[in-house]
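Structure at a glance
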Amino acid sequence: MALLYLSLAYMLGILLGRLALELLGTECALPGWLWLLPLALLPLTPLLSRKPKPNLAFAPSMRWPVSAGFEIPLAQRSPALAMACGLCIAAGALRYAGQPFMPCWTANDLAYYNLPANQAFERRAPQVTVTGVVDSYPLVADVKQNLVVKAGQLEIDGHAQPVSGQVRLSTGIRQRYAYGQPVRVTGRLVTPPEFEDFSYKEYLARKGIHSLFYSARIEVLDGELQGNPLLAALYALRQRGEHFLNRALPEPYAALANGMILGIESGIPDELYDQFNATGSSHVIVISGSNVALIAGVIMALMVRLVGGKRAVWFTVAGIACYALLVGGDAAVMRAAGMGSLAVIATGLNRRSTGLVSLGAACALMTLLNPLTLWDVGLQLSSAATAGLMIVAPGMIDGFRRLLASADLATVAQGPVGSFFEESVMVTLAANVTTLPLVVYYFGRLSIVSLLTNVLILPAQPPIMLAGSAGVVAGMAGLDFVGRLILALPWLCLTWTVNVVQWTAALPGASLKIAGYGLGAMGTTYAAIAVVKERSRLQRVFDRLRCWAAPDWWGRLINPVAASGLAMTTVLAWTAVASLPDGKLHLWFLDVGQGDGILIQTPSGRQVLIDGGASPEALFSELGAVMPFWDRTLDLLVLTHPDGDHMLAQAELPARYQVTAAVHTAHAAQHPDEAIWRGRMADGGVRVTEVAAGAWLDLGDGVALWVLWPTPNGVAGEDADNENSLVTKLVYGDFSALLTGDAGIASEHLLVSGNTSLASTLLKAGHHGSRNSSSHEFIEQVAPQIVVIQVGAENDYGHPHAEMLAELAGRTILRNDLDGRIHLWSNGQQLWVEKGRQ
């Protein structure tokens with residue numbers, strides 16, 4: 001127990017150290033070794049005072065549940081322990097003073113050259129050049145790539161200066177970077193900003209980063225990869241796992257699986273993450289103690305057989321450390337890894353592992369390495385939840401059992417129903433009780449549906465973690481088919497999780513905003529929880545309650561494991577059957593924002609994608625919603641022209657899907673902006689062909705895609721990129737759809753004057769409904785019954801234009817900004833329409 005007291009005293013010292021520096025009005029760091037002096041005196045404290053003998057007859061005691069792991073006789077406390085705690089407080093204060101949030105910089109520190117945060121977007125602000133190496137795992141979030149660069153040299157005003165420090169920057173996804181890659185970066189070096197309700201400066205400081213690069217231009221330098229070889233090897237494994245999950249699962253399930261298994265949360269759509277936050281269920285996304293326990297169990301079981309019990313302990317601890325680094329090593333992960341390592345070591349030494357002592361020791365060790373970690377919200381929430389499971393949950397479970405016993409339902413408590421309520425409802429409620437004050441304090445909201453959401457989704461999380469990890473390992477080992485087969489179960493559980501979260505987030509009053517809940521209110525809440533815990537009257541409430549129905553057969557339900565397996569297998573089978581082609585032609589005008597994205601599925605299931613928009617995240621999510629979960633193939637990609645809002649997302653598809661072929665125009669093939677698309681197609685082994693007016697693509701089943709424009713030579717002019725857009729006509733029986741890309745009035749005039757067969761059932765309006773497309777004569781020639789406008793909500797271009805909408809008066813108009821995803825299907829004679837938003 002002394003270890004717990006010393007750990008708490010040390011962390012209290014860190015808090016006091018920050019308070020002292022703020023009162024003194026300085027953040028300048030003291031020498032970094034001073035904190036070692038108080039710790040060096042700790043072994044002497046037993047000599048300074050003799051521990052009194054306890055009076056067992058009259059010694060009051062504070063008793064905690066046995067599962068909490070300790071019992072503290074108050075009379076056994078000694079002055080020696082008090083002195084040791086005092087030394088730990090001093091050590092904590094000095095540890096913070098040696099590494100405060102904002103040290104006093106010198107000319108050898110990169111942050112010394114930072115501009116103020118308010119000059120981040122001033123174009124006239126001076127720029128610097130930093131030479132260094134990529135010092136993080138590159139995280140891709142839609143069209144952005146986030147990097148950390150470790151600086152070695154800075155050039156400013158023609159002068160080179162050796163510096164040390166890290167800088168964070170965002171860049172595009174055209175060039176992909178790797179850990180350890182030497183780079184030279186030029187841009188505006190800026191101090192991270194502080195917002196009204198969030199300090200980005202302190203957030204980055206906890207990670208050892210004190211600078212941001214804006215308008216960064218990156219040049220990759222020649223030379224071998226640098227950095228830590230172990231991290232490089234772990235990040236290479238992480239990249240293989242991420243690549244496999246991205247190719248094996250549709251979105252947003254691939255992004256969620258990456259977060260839950262590999263700690264890569266950057267790909268999760270913001271809207272979905274907000275829904276997890278609003279329902280109090282975002283904890284399932286992050287790596288937690290359950291992941292560490294799984295890794296520890298597997299390694300321990302394997303190494304016991306290979307090298308024996310005691311030696312297996314150290315291999316297991318090393319495996320836990322490598323796993324923590326593999327998944328990103330954030331504060332919550334390191335806390336779980338520390339507790340797991342202590343538990344494994346205790347097992348190897350045949351010592352009892354005490355939960356709260358391990359928790360305190362793990363947190364103290366983390367703040368010993370980095371005192372700023374104490375303010376990490378993830379660490380605070382995970383520690384509070386862990387403490388709740390050890391302190392609050394046993395009492396709740398005991399009360400639940402007493403309630404059932406008082407109602408003559410003891411058999412229920414011993415059966416699967418009782419186990420479900422104990423392991424899901426009571427445990428979830430206990431974690432919510434201890435984390436709720438922190439959530440309200442930091443985020444200003446109270447989730448009313450948190451308990452409901454967590455009770456519904458928690459049973460689905462073990463299969464995601466266990467089968468998902470097994471599938472990733474199989475995929476990284478080159479067993480793609482086996483890995484994809486294993487991932488069918490995690491996909492089903494991820495689908496359930498997402499649907500439940502989206503349903504509960506949409507309930508009225510699901511999340512309430514709480515204002516004015518400050519530090520004092522949070523402290524008072526935790527004090528109230530402590531009082532209730534020690535002097536709880538909840539038992540009386542449980543004793544007064546009576547259950548209104550208690551059939552004996554509840555305790556003799558069918559084996560839950562067998563029932564769950566049968567149910568999941570049935571659902572997977574029927575889902576696969578429902579996803580099979582239905583003999584009709586399907587068109588989806590995907591909701592990809594301000595851009596075009598059209599998916600065609602033929603009656604036998606061949607799939608063609610025309611364009612894709614600018615956002616890979618949006619395109620992947622839309623494809624994941626309409627394609628079968630097991631289908632990761634696309635037969636044909638059609639690029640109408642090399643504008644970013646048509647091309648950029650499509651360029652990323654070969655990294656996720658098996659793409660057979662792609663077509664584009666001769667004009668696009670010569671365009672420099674298309675280089676990224678051609679490079680991605682080549683990397684994915686996609687066969688690329690040029691097409692022009694007069695060509696046609698036989699899609700099978702009587703479906704044809706005719707190419708109407710441009711001619712082989714195309715047209716020249718100021719807007720040549722748009723006017724050379726690929727214009728195609730999809731034909732199936734009596735149904736036809738004219739798909740025009742960004743073709744404008746000039747192209748439309750040439751098509752009309754060329755006596756091209758334009759009449760179609762459906763027209764995809766050119767250039768997102770701008771005033772420079774869909775001319776009167778063109779509309780008259782096409783004579784469409786339905787006009788689809790692919791346009792983003794509240795776009796900056798004023799699309800669709802009022803003049804263009806007036807021209808379409810009397811016709812059925814469908815718009816992505818108003819109707820969401822638009823789905824049309826036909827048997828060649830009839831046409832059906834479905835809108836994503838009614």
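Heads up: these notes are all about the structure in this document. None of the values given here were measured: they were computed from a predicted structure.

**Thoughts on the overall build of the chain**
- Counting secondary structure elements, the chain contains 32 helices and 26 strands.
- The buried share of the chain, taken over its 838 residues, is 49%.

**Structural notes on unusual backbone geometry**
- Tryptophan 709 connects to proline 710 through a cis peptide bond whose omega is 5°.
- Among the structural elements, proline 710 can be located in the loop between strand E19 (703-709) and helix H28 (720-723).
- Phi is positive for histidine 768, close to 60°, though the residue is something other than glycine.
- Its place among the elements puts histidine 768 in the loop between strand E22 (762-764) and helix H30 (776-782).
- One non-glycine residue, serine 774, lies in the positive phi region at around 55°.
- Here serine 774 is to be found in the loop between E22 and H30.
- Judged by its relative accessible area of 5%, serine 774 falls in the buried class.

**Observations regarding helix H18 (residues 461-476)**
- Taking 1.5 Å as the rise per residue, H18 with 16 residues should run 22 Å; its terminal C-alpha atoms sit 22 Å apart, in good agreement.
- Of the residues trailing H18, glycine 478 is marked for its positive phi of about 90°.

**Quick word on the sheet that holds strand E20 (residues 727-732)**
- Pairing is mixed in the open sheet, where seven strands are placed in the order E18-E19-E20-E21-E22-E23-E24. With partners counted over all chains shown, the strands left at the sheet margins are strand E18 (696-700) and strand E24 (812-815), one partner each. Each strand axis lies, on average, 20° off the axis of its neighbour in the sheet, ignoring direction.
- As paired strands, E19 and E20 are joined by five bridges and run antiparallel to one another. Each residue of the ladder has a partner; that of tryptophan 709, found in E20, is valine 727.

**Here's the deal with the nonpolar core**
- Among the nonpolar cores identified, the biggest contains 38 residues, and Tyr10, Tyr96, Leu356 and Leu359 are the most heavily contacted of them.
- Mapped by element, the contributors of at least two residues to this core are helix H1 (2-24), helix H4 (79-98), helix H11 (331-348), helix H12 (355-369), helix H13 (377-391), helix H14 (393-406) and helix H16 (416-443).
- For leucine 359, the residues in contact, after removing those within four places along its chain, are Arg335, Met339, Ser383, Thr386, Ala387 and Met390.
- In this structure, Ala248, Ala488, Val500 and Val501 belong to the second largest nonpolar core, which totals 37 residues.

**Description of the sheet that holds strand E25 (residues 822-826)**
- Across the sheet, eight strands lie side by side as E17-E16-E15-E14-E13-E12-E25-E26; this open sheet has mixed pairing. The sheet terminates laterally at strand E17 (687-690) and strand E26 (831-835), the two strands that pair on one side only. The sheet shows a mean angle of 20° between the axes of neighbouring strands, direction not considered.
- Note that E25 and E26 share five bridges and pair antiparallel. Counterpart to isoleucine 822 in the pairing with E26 is lysine 835.

**Some words on the pattern of salt bridges**
- Per the counting criterion, the structure on display carries 13 salt bridges.
- Between glutamate 652 and arginine 176 there is a salt bridge, with the nearest N and O atoms lying 2.7 Å from each other. On the criterion of sequence distance, the pair formed by glutamate 652 in the loop between helix H25 (644-651) and strand E16 (658-664) and arginine 176 in the loop between strand E7 (166-171) and strand E8 (182-190) is long-range, its members being 476 residues apart.
- For glutamate 652, a relative accessible area of 7% translates into the label buried.
- When its relative accessible area of 37% is taken as the criterion, arginine 176 is described as partly exposed.
- Across the pair aspartate 819 and lysine 835 runs a salt bridge whose closest N-O atoms are separated by 3.8 Å.

**Considering the packing of helix H6 (residues 229-248) against H18**
- Their axes nearest at 9 Å, the elements H6 and H18 cross at an angle of 105°. Between H6 and H18, the angle falls in the class roughly perpendicular. On the side of H6, the interface is formed by Leu237, Arg240, Gly241, Phe244 and Leu245, while H18 contributes Gly471, Val472, Gly475 and Met476.
- In the contact of H6 with H18, the residues fall into five nonpolar, three polar and one charged.

**A look at a nonpolar patch on the surface**
- A grouping of Leu12, Leu15, Leu16, Leu19 and Leu23 is seen on the molecular surface, where their side chains present a nonpolar patch of about 480 Å² in accessible area.
- Inspection of the secondary structure assignment puts leucine 12 in helix H1.

**A short note on empty space enclosed by the protein**
- As enumerated under the stated definition, the model contains one cavity of 30 Å³ or more in all.
- As for the largest cavity, its lining consists of Val727, Thr740, Ala743, Glu748, Leu751 and Phe778.
- A class-by-class count of the residues in the lining of the largest cavity yields four nonpolar, one polar and one charged.

**Re the packing of H1 against H12**
- Relative orientation of the contacting elements H1 and H12 amounts to 35°, with a least axis distance of 8 Å. Along this stretch, H1 crosses H12, giving a crossing that reads as left-handed. Facing H1, whose interface residues are Leu3, Leu4, Ser7, Tyr10, Met11 and Ile14, H12 presents Leu356, Val357, Gly360, Ala361, Cys363, Ala364, Thr367 and Leu368.
- Among the residues making up the contact of H1 with H12, the classes are represented as 11 nonpolar, three polar and no charged.

**Details of the environment of glycine 399**
- If you trace the backbone, glycine 399 turns up in helix H14.
- Taking the C-alpha atoms as reference, glycine 399 lies 9.9 Å from methionine 426; in sequence the two are 27 residues apart.

**Let's talk about the environment of valine 392**
- Mapped onto the fold, valine 392 is located in the loop between H13 and H14.
- Along the chain, valine 392 and threonine 434 lie 42 residues apart, while their C-alpha atoms are 8.2 Å from each other.
- Among residues more than four places away in sequence, those in contact with valine 392 are Ala387, Ala430 and Thr434.

**Quick word on the packing of aromatic side chains**
- Evaluated as defined, the whole model comprises 15 aromatic pairs.
- Ring centres of phenylalanine 121 and tyrosine 214 lie 5.2 Å apart, and the angle between their planes is 70°; this geometry places the pair in the edge-to-face category. Here phenylalanine 121 is found in the loop between H4 and strand E3 (128-134), whereas its partner tyrosine 214 is found in strand E9 (residues 211-220), with 93 residues between them in sequence.
- A centroid spacing of 6.4 Å and a plane angle of 80° characterise the contact between tyrosine 253 and tryptophan 491, whose relative ring orientation is edge-to-face. Taken together, the residues tyrosine 253 in helix H7 (residues 253-262) and tryptophan 491 in helix H20 (residues 488-505) connect sequence positions 238 residues apart. For the pair formed by tyrosine 253 and tryptophan 491, the shared burial category is buried.
- Here the aromatic residues Tyr96, Phe101 and Trp375 are joined through ring pairs into a cluster of three or more.
- Across the ring face of tyrosine 137, the terminal group of arginine 238 is positioned such that the distance to the ring centre comes to 4.6 Å.

**As for the layout of surface pockets**
- Estimates place the volume of the second largest pocket at around 940 Å³.
- Around the second largest pocket, the lining comprises 37 residues; the ones closest to its centre are Val140, Arg176, Gln239, Glu242 and Asn246.
- Counting residues per element, the ones that place at least two in the lining of the second largest pocket are H6, H7, helix H24 (616-626) and helix H27 (675-683).

**Points about the side chain of glutamate 674**
- Mapped onto the secondary structure, glutamate 674 falls in the loop between helix H26 (666-669) and H27.
- Ignoring anything within four residues of it in the chain, the contact list for glutamate 674 reads Leu639, Pro642, Met647, His664, Ala668 and Ala669.

**Section: the pairing of strand E21 (residues 735-739)**
- Of all five residues making up E21, five are buried, and the element is well covered by its neighbours.
- The side-chain alternation of E21 yields two buried faces, one formed by Phe735, Ala737 and Leu739 and the other by Ser736 and Leu738.
- When E20 meets E21, the two strands line up antiparallel, connected through five bridges. Pairing of lysine 729 across the sheet is with leucine 738, part of E21.
- The turn joining E20 and E21, which pair antiparallel and follow one another in sequence, is formed by two residues; a positive phi near 60° is taken by glycine 733.
- Once you follow E21 into helix H29 (residues 745-753) and on to E22, the crossover reads as right-handed.

Rules of the game
Note on numbering: residues in each chain are counted from 1, in written sequence order. Note on the predicted model: pLDDT of at least 70 is required for a residue's local features to be given, and 80 or more for side-chain atom pairs to be given and counted; whole-chain, interface and lining totals, by contrast, use all residues. Only heavy atoms go into the side-chain values, all of them from the structure, while hydrogens and water stay out. By the criteria applied, helices consist of DSSP H or I runs no shorter than four residues and strands consist of E runs no shorter than two, each listed in order from the N terminus. Only protein chains enter the accessibility calculation, which uses a 1.4 Å probe; a residue whose area is less than 20% of its type maximum is buried, one above 50% is exposed, and one in between is partly exposed. A helix is expected to span 1.5 Å multiplied by its residue count minus one. Strand pairing requires that DSSP identify at least two bridges connecting the strands. Axis definition: a line fitted to C-alpha atoms, over the contacting stretch in the case of helices. Angles run 0 to 180 degrees between N-to-C directions. Only buried residues count toward a nonpolar core. Its members are Ala, Val, Leu, Ile, Met, Phe, Trp, Tyr and Cys residues joined through side-chain atoms within 4.5 Å. Here a residue-residue contact requires only that any non-hydrogen atoms of the pair lie within 4.5 Å. Think of a salt bridge as a Lys or Arg side-chain nitrogen and an Asp or Glu carboxyl oxygen that are within 4 Å of each other. Should an angle fall under 35 degrees it is called roughly parallel, over 145 degrees roughly antiparallel, and 65 to 115 degrees roughly perpendicular, with every other angle called oblique. For this classification, the nonpolar set comprises Ala, Val, Leu, Ile, Met, Phe, Trp, Tyr, Cys and Pro, the charged set comprises Asp, Glu, Lys and Arg, and every other residue, Gly included, is treated as polar. For patches, a residue must show more than 30% relative accessible area and have no salt bridge; joins then use 9 Å for like charges and 5 Å for nonpolar side chains, namely Val, Leu, Ile, Met, Phe, Trp and Tyr. Throughout, the Shrake-Rupley method with a 1.4 Å probe supplies accessible areas, and for residues the shown protein chains are the sole cover considered. Grid points spaced at 1 Å over the protein atoms alone were grouped into cavities, where a 1.4 Å probe fits but cannot get out, and pockets, open sets with protein on both sides within 12 Å along at least five of seven lines, with lining residues defined by an atom within 4 Å of a point. Grid points are joined across faces, edges and corners, and a volume is the space filled by probe spheres set on the points. Should the near helix be turned anticlockwise from the far one by less than a right angle, the crossing is termed left-handed; should it be turned clockwise, right-handed. The aromatic pairing rule takes the rings of Phe, Tyr and Trp, using the six-membered ring of Trp, and pairs them if the centres are within 6.5 Å, calling planes under 30 degrees apart stacked, those over 60 edge-to-face and the rest tilted. Our definition puts a charge over a ring when NZ of Lys or CZ of Arg is within 6 Å of the ring centre and also within 35 degrees of the ring normal. Seen with its strands pointing away from the viewer, a crossover is right-handed if its path from the first strand over the helix to the second goes clockwise.

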